[in-house]
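Tertiary structure, described
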Amino acid sequence: MGKFFYPITAILAFFSGGVTLLVLGGLITFISPDSIVQTLTSPEIGYAIQLSLVTSIISTTLCAVVAIPSGYILSRGGLYGQRPLVMLLMLPLSLPPLVAGVALLLFFARTPIGTGLEDIGITVVYTQLGIIVAQWFVNLPYLIRVMRSSFAMISPRYEHIARTLGCTDFQAFWHITLPMARAGLISGLVITWSKAMGEFGAVLMLAGATRMHTETLPIALYLNMATGDLDIAITTACILLGIAAVTMFFFERLSEGSERV
Amino acid sequence: MLFVDNVSLTLGDFHLNSLSLHLESPEYWVIIGPSGAGKTILLETIAGIHRPDKGRIYFEGNDITHYQPKDRHIAMMYQDLMLFPHMTVRENILFSMKIRKTDDDDIKEKVSDLVNILGISNLIDRNPDTLSGGEAQRVALTRALIQKPRLLLLDEPLSALDSMTRERLRQEIRKIHQHLKIPIIHITHHFEDVYALAEKVAIMQDGMIVQTGKPEDVFSHPCTPYVAQICGTENIFRGEATADGTGSVLNLGALCIRITAPYSGPVVVALRSEDIIISLERFRSSARHTLQATVVELIPSGPFIRVVLNTGIRMIAMVTRTSCEEFALKPGCQVFVTFKESAIHVIPTGELDDERRQ
């Protein structure tokens, strides 16, 4: 067995790569140049691209606003009730987004908090705001985890020194720890954004799939697949594939950068 | 000046246990103790990073227990320096000026002053990760000193350096202390740092300061076996003392020594290796103790040679290379060792051992 082990592992690794290439590369072969132009100029896809960009950028920003401070405090430890809090925060990571979506839908449609928001004019269910909320809820634990591990790699002694040099707690974080976590922060944001662009299950449940209203790129793919408009569906799929590829490229570049530091 | 009054603090595995320390003038203090004694958290607590669970800290007449680190005028430097990697040397040095928004001319004057003392003017535009150990050390010192602190805390500043650089930086730190006349608390586990730098020494053990004083007083009168051991007293023997009316007999296993001070019970006997005289023949002197010994081993140690002797028990004496050659010492030689009774330091251990076992 010994002399076969290495070749078998190598063959399996290349096999996995081959399958990925065949399946995803195959997708591209199904689109014709005509349908690309037709799809990209169609108002429906234009709308979906725009809606996806706007909602994903807003939800990523909101994720950052919450995840950077939370990840920081969790990385420094010593918070009362830290263990149960971390477990709670990380639970949605292993939850199917569809389940998160159902829970969000019931929360906003049926609980006093949700109906209260509705009463003061904040409607989340089946609206574009719902898209942002769904993306934010699903991606937040992920970004908290990334930020927590990025901050955890930075010795708190840098901040201690900064504080003896005249910094308040916040200044030490702002001038020292945050810039030192730059690589982790940027790659975390890029991945979060890309996940938000592709979020489907939770968005479908909370915001619904209304053509030209809550139609993000993945929803457009789903709707056109359902109605048999294969050309549009495939082109949409290729756009999402392209976004994933670009994201992965950036991510690899950034992680190379952080290894050099 | 600085008065740490009965401070207790627990942080994970480390703790301070009703620790008190009193600096009266701008002296150079060295705190020595084993790893895990809580030395670093003591410094961090003085700097204001941690708030004590109990006790107070007074500095220049003010109760600073609840002051923010930035308001204490206390600078600190870690062994691993913590130069900010995303800033150049200049930005590192000027960081406190930028944060505190200090007046420009003032900065220039201070910078050139310190940069000259420490000789780092050629490093000013480099990135911290391109500096050698000694260079990085000087930059970190400059960064700490630029804000004119009124107390400087050094956490094992010399431990990570090679012996040449360590010696040079020791001299520089001494120079800074004399030049700026600020008190320094320097933590170390290197005994040499005490000899080389300390005006006062404090021994720290299990979160407590167990002995303080001038180095020579502490070395010649260690108050616990642990103190004797870390003070570099090389001959430490455990034994039993029996009082016999006019003095006591120290039974150290294969060797008994009679002394005039009355002790009884379990003891540790400390005898500094420098206090042992080696001779080829028994000679008449005021020294009361002369023993016959066999040379077991010669260990070169800088300008000296440590001579391992068997007097029934293992003893170490320190001689110069010259006397070693003159006496033609080699393993197997029969010699006499002589020491004065005042060199024998007896530390009763009965109670202390019980305490330490708890």
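Residues numbered from 1 in each chain as written. Chains lettered and ligands numbered in written order. Predicted model: local features only at pLDDT ≥ 70, side-chain atom pairs only at ≥ 80, totals over all residues.

1. Side note on the pairing of strand E7 (residues 151-155) of chain B
All names here are of chain B. Burial runs high along E7: five of the five residues are buried. As defined by bridge partners, strand E6 (residues 74-77) adjoins E7 across four bridges and the pair is classed as parallel. Bridging across to E7, isoleucine 74 finds its partner in leucine 151. Pairing of E7 with strand E8 (residues 184-188) involves four bridges; the strand directions are parallel. Its bridge partner being in E8, leucine 154 is matched across the sheet by histidine 186. Taken together, E7, helix H5 (residues 163-180) and E8 constitute a β-α-β crossover, and its handedness is right-handed. (Buried ≥ 20, exposed ≤ 12 C-beta atoms within 10 Å, placed from the backbone. Helix = DSSP H or I, 4+ residues; strand = E, 2+ residues; numbered from the N terminus. Pairing = 2+ DSSP bridges. Right-handed = clockwise from strand over helix to strand, strands pointing away.)

2. Digging into the domain arrangement of chain B
Domains assigned within chain B are domain 1 (2-226) and domain 2 (233-357). The C-alpha-based centres of domain 1 of chain B and domain 2 of chain B are spaced at 37 Å. (Domains from an automatic or database assignment.)

3. Some thoughts on the pairing of strand E10 (residues 208-213) of chain B
Residues and elements named next belong to chain B. Here five bridges tie strand E9 (residues 200-205) to E10, and the two strands are oriented antiparallel to one another. Looking across to E10, one finds that valine 201 is bridged to glycine 213. Taking the residues that link successive antiparallel strands as the turn, the E9-E10 hairpin has two residues, and the phi of aspartate 206 there is positive, at about 50°.

4. Looking at the interface of chain B and chain A
Contact residues are listed per partner, giving 18 residues for chain B and 15 residues for chain A. Contributions of two or more residues to the side of chain B that touches chain A are made by helix H1 (39-47), E6 and helix H2 (89-100) of chain B. Among the elements that take part in the side of chain B that touches chain A, H2 of chain B stands out by supplying four residues, more than any other. In the side of chain B that touches chain A, the residues fall into 12 nonpolar, three polar and three charged. (Contact = placed C-beta atoms within 7 Å. Nonpolar A, V, L, I, M, F, W, Y, C, P; charged D, E, K, R; others polar.)

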